[in-house]
Structure formats: C-alpha cells, structure tokens
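Summary of the model geometry
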Amino acid sequence: MAWHRLMRLLPFRRLSEQGVLGMNRRNISYISSYNPRELYPLVDDKLKTKRLALHHGVTTPELLGVIEYQHDVTRVGTLVEGLDNFCIKPAKGSGGKGILVVSRVEDGVFYRSNGQELSLRDLKRHVSNILAGLFSLSGSPDVAVFEALIEADDSLRDYSFEGVPDVRIIVFRGFPVMAMMRLSCAVSHGKANLHQGAVGVGIDIASGAAVRAVQRNKLVLSHPDTGKDLQSLRIPQWPTLLDLSCACADMTGLGYLGVDLVLDRRRGPMLLELNARPGLTIQLANGAGLLPRLRRIEAFTQVPQMTIAQRVAYVRKHFASVDAQRNSPPQFVPEKCSG
Amino acid sequence: MKTGRGPFYLLVTLLLITGSLLTAYRYAMFDVPWMPGEKRQIWSVEAQVDFIALGEPVKVSLAIPDSQPGFERVGERTASPGYGLAFVENNENNHGRRAEWSIREAQGRQTLYYQVEMLVDPDAAGAETAVEPPISRVRLDGPHATVVNLILERARERSADPYTLTRELIHEFNRQSQSASLLTQMKPRGAWLVDMLHMAGIPAREVQALNLEDGRRRQQVVNLLQVFEGENYQLFDMHSGKPGKQTNQLLWEYYSAPLLDIVGGRNSRLSFSMIEQEVPVNRMLEEGTFPAAQNLLDFSIHSLPLSEQALFKGILLIPVGVLIVSLLRIIVGVRTSGTFMPVLIAMAFIQTSLLTGLVGFILIVAAGLMIRSYLSRLNLLLVARISAVIISVIIMIAAFSVLSYQLGLTEGLKITFFPMIILAWTIERMSILWEEEGPKEVLTQGGGSLMVALFAYLVMSNDVVRHLTFNFLGLQFLFMALVLLIGNYTGYRLLELRRFQPMLGERA
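Residues numbered from 1 in each chain as written. Chains lettered and ligands numbered in written order. Predicted model: local features only at pLDDT ≥ 70, side-chain atom pairs only at ≥ 80, totals over all residues. Heavy atoms only, no water.

**Re the overall build of chain A**
Summing up its helical and strand segments, chain A has 12 helices and 13 strands in all. Out of the 339 residues in chain A, the part that is buried amounts to 55%. Excluding contacts between residues fewer than 6 apart, the proportion of contacts in chain A whose partners are at least 24 apart in sequence is 63%. Carbon together with sulfur atoms contributes 51% to the accessible area of chain A, which is approximately 14,500 Å² in total. (Helix = DSSP H or I, 4+ residues; strand = E, 2+ residues; numbered from the N terminus. Buried < 20%, exposed > 50% of the residue type's maximum accessible area, 1.4 Å probe, protein only. Contact = heavy atoms within 4.5 Å. Areas by Shrake-Rupley, 256 points an atom, 1.4 Å probe, with all protein chains shown as cover.)

Rendered as structure tokens:
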C-alpha cells in the first residue's frame, strides 16, 4: 500500500526497520482485520470470559459474587463478610479502571493494597459507580464482580510491590508471539498497568526469562521499590503458561488477543482477563517489534491445523529472543544511543 | 488487509474528482475567487431626472439597463420621495426594462434618481442586448433610393463583412456630403444607416449608451450603431465609424424606445453621473449582490435565505475542525478528552472570541471540577451526578454573565455560547481522570484538548478557510476523501517516534 512506501521516506524509517507496530496499523491491520466485532463481548465482559473459561476448563480466580442492580448494593456487606481479602472489578472495565483491591480487613475497616483505609460506605459507593457504568468501556451500565484475591507465586513475590505480577501474552492466530511480565510498584499504586507506571519486563518466548525491563518507556535494571535485579527474573512453569494462552485464544476465536495470566501460589497458572485491544508497550519491554513475528504468522495462508503443542514448539523455535539466550550477565547500553 | 481495497480507492477517487470538479466549476462559472480579499470592479451609475411638474398627475418612464455582455447588473435603487415606483419589464412591446414613477399631484421642480450597480464581468452574457432585431423592409423611391443605392454599392465593394460594411457606409456618408445632406433632411443619419444595413440584410439598430469614466457627472447618453454578426455585435460611432469598446460602454437603452417619457411635466432633463468602485468579493457575497445561482447545477448556499446562510457558515466549518482533529489524533497522536469535544470548543471560541473563550472555558472547568469533587463525596448515582454538574455549569454561566455585566464587561456575556452538556461531560471525565490517574493526566488530556481546540479555532477562524468552505461546497467532498484516506493510514504516529525512542537507540 501507499502508506508503506511513505513510511520509508519519513523519519519513521528506523521504527519501520525495527518492525515496530504502530497504533494505527494495530487498529486497522490487526484488530479490525482479525477480531470479529461480535466476539468482543466475550472479552470485554469479565463475567462472560469467566463462564467461557469455566466451560473450556481454564482456571480463573474464584468468583465470590456478583452485584447487578442498584438495590442490591446493600448486599455488599453480607457478601464480603468474613473475607480477609478480595477485589471488586467492573465486568466491562478497561485498562484496570475501577478495580479495587482489598488486601486486609480489620474491625470493619477495609485496607487497600496501598494502605488506604475504606469504610463499607466507600465500598458501596464504588460498587454503585461501577453499576452506573462509570468505568465501563462505553459508559453503559455494568455489573460489579467480586473475586478472591490472587496470591503471587513465591518465586515472583520479590519482583512486585503491593500488587500481583501478571503475564501479558499477545496471541496472534493462535500463536503466542510476544510476552511480558507486568510488575506493579509504588508509582503505579499497586496496579499492573504500564501507563500508570508499572514496570514491564520483556519475556523471552522460548525460555520465559527476562529480556529487559522498562518503566514509563525508560529502561530499568532493577525493581524501583524492591531493588530486585530484573534480569534474574525467570517465570516458572513457562510452557504451561504458553499452552494456557493458546487455549484462551482458541476458546474466544479472536485472532489478535492479549491474554493476561497470573501464577497463583496455590492454584497455579490461571487466566486473569483477556483483551481484544492489547497495548503496544510490550515491544518496548522486549526491545523488539511485533511486525516481523506477526508477518511470519500471517504468511500461513490458512490458519494451520496445528495442535497447541505444535504451535508452542513453533514459536519457541522461531521467536526466541537474542538477548535472553545469551543467558550471561545482561549487556545493556542504558540511555546511551549510538545513533 | 484481506478484503480488496479497490472499491475504497475508487470511492476516494470519485469523491476527489467530484469535489475538484464542483469547486472548479464554481470558480470558473461564477468567478468566485479563491481568496476572500479579491476585488471586483463595479460601476455605480446614477441617472438624474429633472423636470418641472405642472400640478397634475405625473408619470415618468425611464429606460433602465439590464445585464449585458461585459456587465452584470448586481443592484439598483431609486430615490424619489412621494412617488410610486415600479420596475416594468415589458418584453412584448419591446420596450425593455423601465422604471416608472407616478404621483397624483406634483408642482414645481422635481428630481428623481435612479442608481444602478454594474459588475464588470467579461463573461457576463445579457440575453436582451445580444438578440438581433428583426430586419425591417425598407421601401424607397425617387432620389433617395438612388443615393442610398449608390452609397450602399460603394461601401459593399470595399468591404468584406458586416462590420467592415458598416465602417465603409459611415465613411461613404462622410465623403459624399451633398448626398448625405439630402438624406439627412428627411431623417437622421442613424436611421439611414440602420435602413441601409437592413437593405444589405444585416441586423442593426440604434442604441443609446454611456461612456463610463470614473467620477464623471452630468454625462449624456451617446447614440451608437449596434451591428450584429451572428451572435456577436459591435458598436460603431456614427460619425467617425470607429468601433466602440464594449468594456467601458454601457448600453442604457437598446429597444429603440424613448429614453425618458414624462406625462405631466415639462423642461425635463436627464443626466448621468458615475463612479467606479473596487468591492471585495466576499462583501458582495455576504450582501447577496453577487450573481446568484440559476439552476440546480449551480448548487450553492447562496440560493438560501440570508438567515439560513449565516447558519450554514458555521456548519460548513465543522468538517474542517473534524479533519484537524482526525489529523492530530491519527497522524500526530495527540490525546484529547472526548473525541470531538475540541471541535465544539473551537466553535464556541469562534462565537466568543479567543481570549474570552479561553478564560471562560478554564474558569468553568476549574469551578466545575471543584463542585464535582464535592459531589463525588455525596455518593450519587452517575446520571444524577452528571445532571447536577450540568445544572451547576448553567448556574455558573448565569452567574458569570450577570457578574461580568454588572462590572461592565459585556464580553463576559458571550460565555453562554459554550455547549453546556459537553462542558459538563468534560468536567465529569476530567474529574474521574483526576481520581484515577492523577492531576498530571488531567493536564495532559485537558491540555491536549485545549491545544487541538486552539489549533482548530485558528484554522476555522481564518478568513481564507471561511471564504473557501462557504463558497465552494465541492470542498466538502474533498474533506470527506481526506478523512477516508486518513482513516486508512496504517503508518506511525508522530508521537510514537518519541514513545518508541528507547528501541531506536539500541541497535541502530
């Protein structure tokens, strides 16, 4: 197309050489080309995702209860009674908006993961806001979902501050193409959203080892709060996570999907949520563009009849990161640009 | 990617072609200039009729001109206190357009004025002046016939076509002064010339014209000979035989009817004064004096009543604003709160003027955010809360208006031009943003919106842009094509250069 030629002329050339996927192309060539509109509700509504996952035997965080109507808001008290920790989410929320994590309850006072104290009244107000559609994608009425809190796997605990780290895997036509781990930190208020300041660690598809890490688009070497060296990060049960991401993509039928997985201490890998419009910062965290990998998958004219194991083997062979494979002490040239 | 892009590009091409053609058509056929400052030459000619009224009913009939080759009539007015006035178009009697004044009783010296504004337009085609008159059959006898035939014969030998024949006829008339005087004893030279041309089978007539010269007063019409050849004609001075210049000769009367006809008056006198004006075209367009559309193809806003035109002036600017928002969001990557909120804010700025608008906007949004932060503590349902914000915005606007009016700042009244519902939603969204992402994000998005609004305002308030969008409807098709093309843009956004900068530093 004409735009491609244009891109080679402008200062965008170097981005293009790196195979960086831009917002416009993501929207036109991937999201709207591979994600049928009618499948969106499956991922935009966390309740529907949960039901789908249940049907396909995919583990998700335990559902404690749902509040659907305004007059049920009074039920919040009974719903959370006796719970030590839980989280409240809007079913149709996006970008982590409206997610309230209560990590501790003492004498009727609810403590958020960042230490903020909330009363039952505050909880009810939050639920009421969720129902009114304040956090939902299009402002439409929503339901509030109460979920059991996930406890981070021991091996990952030191890598995250307050929140639970999750793994984002981009799955394209059933192939996991790129992965990153998102670590919450003090700046991000315990949230694992990169635009709120969480640390993104690129993960080598082949090995599950860290490639490099970024925070607010800048390279970082260690976790800003815990001081843990991020290069040593290696995700346990990596092949299982890859399998799980493929299964998630297969059950939705979406061609270009962001799968968010967590490793629970007790229940192992589980699906946190799905995203039909996954962000682009994952490229920064990996120091690699998505385009070469996406094009490779696109080269299959038909969606190949490959089992999940075959697909995972394919991507582990072809999409291994050069940086991570060296496995020696990482060699960074932080901030120093040669060009 | 998978579906063919053929139909899409076909549609865009069609839109581009349609838009360009419509625009070019309007430019070429109506002479609407590209630039608003462009000027056109207009001749204002005033006819002054003086006469002494005899104390009885008075009827004055004055021949008045219409559009003709080289001139387009764009306006006319009269000053005639106490007189009834009618413009009569009497084509059946072949009297052309006439102004007819009438009064029951008038006594003493009377003065009537008629003023016409003629736009100099080389392309103008007047229907009436270019129609050749019927050839009358001329019957002569005796010595006159001999002389006429002699002159005609001589002239015919030395000429090639109607125009040269006319010239030679006039020369012959001058040369053979004795024969000529024989003829002019019977009827004037002009009538003979017309007769002789008719005998030669050439349509011709006597017309009365004005020589246009800037700042002249008390001018009289001159008699000219109009000779036709096919659809064209040429004017000749009847004594020198020189062809006249059409560019500064305005035909005033061309039906061989009396120039001025007065019943109930005497000592009538008709004189003309004229001035040349340079009038900016956009002023003419606004005043509606510009030649208006005549058929459906001449599709333009100017065929609407003036109040609707004013409305469309604003509406036709919206596509420009929308285009700018698309450009800034898709190509540059600016983040705004609310997709097209900036366009509405820009429209409000146009109404309020920039400074008032900016101050008003920031005041209202800041005050609204404060009120909203209190409302959020009240634990209200979303719809009710936004309604509350809307009402407080309206109260604030009313308060600001009254306050500024009391302080003598009438500028403050313009604050009412802001779209209130949009403001309320902006406040709500920014307030949520504040709670969720902190004040920094509010400043980023609010600043982004304001910046886009400012940019859109600057473009939309530009005179050239206003002139073009208002006068060239075809441009809307071009905007449409552009927006479609932008919607197909898969390249990088400018701000992505910065975003992905860390990736470039490494392996370049």
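**Details of the nonpolar core**
A:Val177, A:Met181, A:Val201, A:Trp238, A:Tyr256 and A:Leu271 are the most contacted members of the largest nonpolar core, which has 78 residues in total. Per element, the largest residue contribution to this core is eight residues, and it comes from helix α8 (residues 238–252) of chain A. Setting aside anything within four residues of it in sequence, one finds A:Val177 in contact with A:Ile170, A:Phe172, A:Ile205, A:Leu290, A:Arg293, A:Leu294, A:Ile297 and A:Phe319. One finds A:Ile88, B:Val325, B:Leu369 and B:Leu433 within the second-largest nonpolar core, a separate group that totals 68 residues. (Core = buried A, V, L, I, M, F, W, Y, C linked by side-chain atoms within 4.5 Å.)

**Some remarks on the interface of chain A and chain B**
Each partner contributes residues to the interface: chain A has 50 residues there, and chain B has 36 residues. Here chain A meets chain B over a buried area of about 4,200 Å², counting both sides, of which 56% is carbon and sulfur. The interface formed by chain A and chain B includes zero salt bridges. Taken together, chain A and chain B are joined by nine residue pairs in polar contact (both at pLDDT 80 or more). Within the residue set of the side of chain A that touches chain B, elements represented by two or more residues are α1 (2–9), α2 (13–18), α3 (23–34), α7 (120–132), α9 (282–286) and α10 (291–298) of chain A. Of all the elements, α3(A) adds the most residues to the side of chain A that touches chain B, at eight residues. For the side of chain A that touches chain B, the class distribution of residues is 19 nonpolar, 22 polar and nine charged. (Buried area = accessible area lost by both parts, 1.4 Å probe. Salt bridge = Lys/Arg side-chain N within 4 Å of Asp/Glu carboxyl O. Polar contact = N/O pair within 3.5 Å; in protein donor to acceptor, adjacent residues only side chain to side chain. Nonpolar A, V, L, I, M, F, W, Y, C, P; charged D, E, K, R; others polar.)

**What about the pattern of salt bridges?**
Applying the stated criterion to the full structure yields 24 salt bridges over all chains. As a salt-bridge pair, A:Arg266 and A:Glu151 come within 3.1 Å of each other at their nearest N and O atoms. One end of the pair, A:Arg266, is in the loop between β12 (256–264) and β13 (268–275); the other, A:Glu151, is in the loop between β6 (144–147) and β7 (166–172), with 115 residues separating them in the sequence. One salt bridge connects B:Asp66 with B:Arg73, and the closest N-O pair in it is separated by 3.2 Å. Owing to a relative accessible area of 24%, B:Arg73 belongs among the partly exposed residues under this scheme. Here the residues in one salt-bridge network are A:Asp166, A:Arg168, A:Arg182 and A:Asp260, joined through shared partners.

**Let's talk about empty space enclosed by the protein**
It is the rolling of a water-molecule-sized probe over the atoms that shows where space remains empty. All names here are of chain A. Counted by the stated rule, this structure contains three cavities of 30 Å³ or more. In this model, the largest cavity occupies a volume close to 60 Å³. Lining the largest cavity are Lys46, Thr49, Lys50, Thr60, Glu147, Leu271, Leu272 and Glu273. Elements with a minimum of two residues in the lining of the largest cavity: α5 (46–55) and β13. Partitioned by chemical class, the residues of the lining of the largest cavity number two nonpolar, two polar and four charged. (1 Å grid on protein atoms, 1.4 Å probe; cavity = no way out; pocket = protein on both sides within 12 Å on 5 of 7 lines; lining within 4 Å. Points joined across faces, edges and corners; volume = space filled by probe spheres on them.)

**Notes on helix α13 (residues 439–460) of chain B**
Because each turn of an α-helix spans 3.6 residues, side chains separated by three or four positions in sequence point in the same direction. Counted at 1.5 Å a residue, the expected span for α13(B) with its 22 residues is 32 Å, and the 30 Å between its end C-alpha atoms agrees. Inspection of α13(B) places B:Glu441, B:Val442, B:Gln445, B:Gly446, B:Gly448, B:Ser449, B:Leu450, B:Val452, B:Ala453, B:Ala456, B:Tyr457 and B:Met460 among the buried residues, and these make up the whole buried set. (Expected span 1.5 Å × (residues − 1).)

**Points about the packing of aromatic side chains**
The final tally for this structure, using the stated rule, is 17 aromatic pairs over all chains. Between A:Tyr30 and A:Tyr256, the aromatic rings sit 5.8 Å apart at their centres with planes inclined by 35°, giving tilted as the arrangement. Pair noted here: A:Tyr30 is in helix α3 and A:Tyr256 is in strand β12, with a separation of 226 residues, a long-range link. When the centroid spacing of 4.8 Å and the interplanar angle of 85° are considered together, the rings of A:Tyr34 and A:Phe172 count as edge-to-face. Taken together, the positions of A:Tyr34 in helix α3 and A:Phe172 in strand β7 put the pair 138 residues apart, joining distant regions of the chain. Per residue, the accessibility class of A:Tyr34 equals that of A:Phe172, and both read buried. The cationic tip of A:Lys228 hangs over the ring face of A:Tyr159; the distance from NZ or CZ to the ring centre is 5.4 Å. Directly above the ring of B:Phe87 sits B:Arg97, whose terminal nitrogen or CZ lies 5.8 Å from the centroid. (Phe/Tyr/Trp six-rings, centres within 6.5 Å; stacked < 30°, edge-to-face > 60°. Lys NZ or Arg CZ within 6 Å of the ring centre and 35° of its normal.)

**Re helix α15 (residues 475–487) of chain B**
All names here are of chain B. Under the 1.5 Å per step criterion, the end-to-end length of α15 is 18 Å for 13 residues, consistent within 8% with the ideal 18 Å. Taken together, the buried positions of α15 are occupied by Leu475, Gln476, Phe479, Ala481 and Ile486. For α15, the secondary structure elements touched by its buried residues are α1 (6–30), α8 (318–332) and α14 (463–471).

**A short note on the side chain of A:Asp166**
Residue and element names in this part refer to chain A. With respect to the helices and strands, Asp166 occurs in strand β7. You can call Asp166 buried: its relative accessible area is 4%. Once residues lying within four places of it in the same chain are set aside, the contact partners of Asp166 are Met180, Met181, Arg182, Ala192, Asp260, Leu261, Val262 and Leu272.

**Quick look at the pairing of strand β7 (residues 204–211) of chain B**
Put simply, side chains in a regular strand alternate between the two faces of the sheet. Residue and element names in this part refer to chain B. Taking burial as the measure, the eight residues of β7 include six buried ones, the bulk of the element. The pairing of β7 with strand β8 (residues 222–229) spans six bridges and is classified as antiparallel. The residue bridging Ala204 from the neighbouring strand is Val227, located in β8. Note: β7 against strand β10 (residues 249–253), four bridges, orientation antiparallel. (Pairing = 2+ DSSP bridges.)

**Details of the sheet that holds β8(B)**
Residues and elements named next belong to chain B. In space, the four strands of this open sheet follow the order β9-β8-β7-β10, with antiparallel pairing throughout. Lying at the two open borders of the sheet, with one neighbouring strand each, are β9 (232–237) and β10. The average angle at which neighbouring strand axes cross in this sheet is 50°, direction not considered. Running at roughly 145° to β8, helix α3 (residues 162–175) makes contact with β8 and β9 of the sheet. (Axes fitted to C-alpha atoms, helices over the stretch in contact; angles between N-to-C directions.)

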